[in-house]
Amino acid sequence: QVQLVESGGGLVQPGGSLRLSCAASGIMFMNNRVDWYRQAPGKQRELVASIMSGETTSSADSVKGRFTISRDNAKNTVYLQMNSLKPEDTAVYYCHTKFFISHYWGPGTQVTVSS
């Protein structure tokens, strides 16, 4: 059974940093693309950053230069380092991966950026 569990969210002041983690069981992240999505209240879920099986990464224009996605294959964990956080980054952040035709999501972790 595949399970994804996010952690690392919390309350942070504007300009601060957080590192989110997504730990997987039942699937090897190193062989799959892994994405971070976020969903703010009243808004659609949006793709924030992705890391491919070959370590190529991509990120949304809104977070370029501030957020970095990375992977630790030994820990089967994907990270999202978030720097220079802004109030508009406030959202629930979700980890996602796909294996064949099945999509897997974690339960999400809340990030709140506020003074």
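Rules used throughout
Residues numbered from 1 in each chain as written. Predicted model: local features only at pLDDT ≥ 70, side-chain atom pairs only at ≥ 80, totals over all residues. Heavy atoms only, no water. Pairing = 2+ DSSP bridges. Helix = DSSP H or I, 4+ residues; strand = E, 2+ residues; numbered from the N terminus. Axes fitted to C-alpha atoms, helices over the stretch in contact; angles between N-to-C directions. Phe/Tyr/Trp six-rings, centres within 6.5 Å; stacked < 30°, edge-to-face > 60°. Buried < 20%, exposed > 50% of the residue type's maximum accessible area, 1.4 Å probe, protein only. Patch = residues over 30% accessible without salt bridge, like charges linked within 9 Å, V, L, I, M, F, W, Y side chains within 5 Å. Areas by Shrake-Rupley, 256 points an atom, 1.4 Å probe, with all protein chains shown as cover. Salt bridge = Lys/Arg side-chain N within 4 Å of Asp/Glu carboxyl O.

Participant: Please give an account of the sheet that holds strand β7 (residues 67–72) that cites residues and values.
Facilitator: The pairing of strands in a sheet happens through backbone hydrogen bonds and is either parallel or antiparallel. Judged by pairing direction, the sheet is antiparallel, and its 4 strands sit side by side in the order β1-β3-β8-β7 without closing on themselves. Only two strands of the sheet have a single neighbouring strand rather than two, namely β1 (3–7) and β7. The sheet shows a mean angle of 15° between the axes of neighbouring strands, direction not considered. Bridge count for strand β3 (residues 18–25) against strand β8 (residues 77–82) is 6 bridges, and the pairing is antiparallel. Paired with Arg19 across the strands is Gln81, a residue of β8.

Participant: How would you explain the packing of aromatic side chains if you had to name every residue and give the values?
Facilitator: The full count for this structure, using the stated rule, is 3 aromatic pairs. Plain terms: the ring middles of Phe99 and Phe100 are 4.6 Å apart, the flat faces sit at 70° to each other, and that makes the pair edge-to-face. Residue classification places Phe99 among the partly exposed residues on the basis of a relative accessible area of 38%. An aromatic cluster is built from Tyr37, Tyr94 and Trp105, whose rings are joined through pairwise contacts.

Participant: I'd like a description of a nonpolar patch on the surface, backed by residues and values.
Facilitator: Side chains of Phe99, Phe100 and Ile101 sit close together on the surface and give an oily, nonpolar patch of about 410 Å² of accessible area. Considering the arrangement of structural elements, one finds Phe99 in strand β9 (residues 91–99).

Participant: Please give an account of the pattern of salt bridges that cites residues and values.
Facilitator: Applying the stated criterion across every chain yields a total of 6 salt bridges. Across the pair Asp35 and Arg33 runs a salt bridge whose closest N-O atoms are separated by 2.7 Å. Classification of Asp35 by relative accessible area gives buried; the value is 3%. The partly exposed category is assigned to Arg33, whose relative accessible area is 39%. Sharing partners across several salt bridges, the network here consists of Arg38, Glu46, Arg66 and Asp89.

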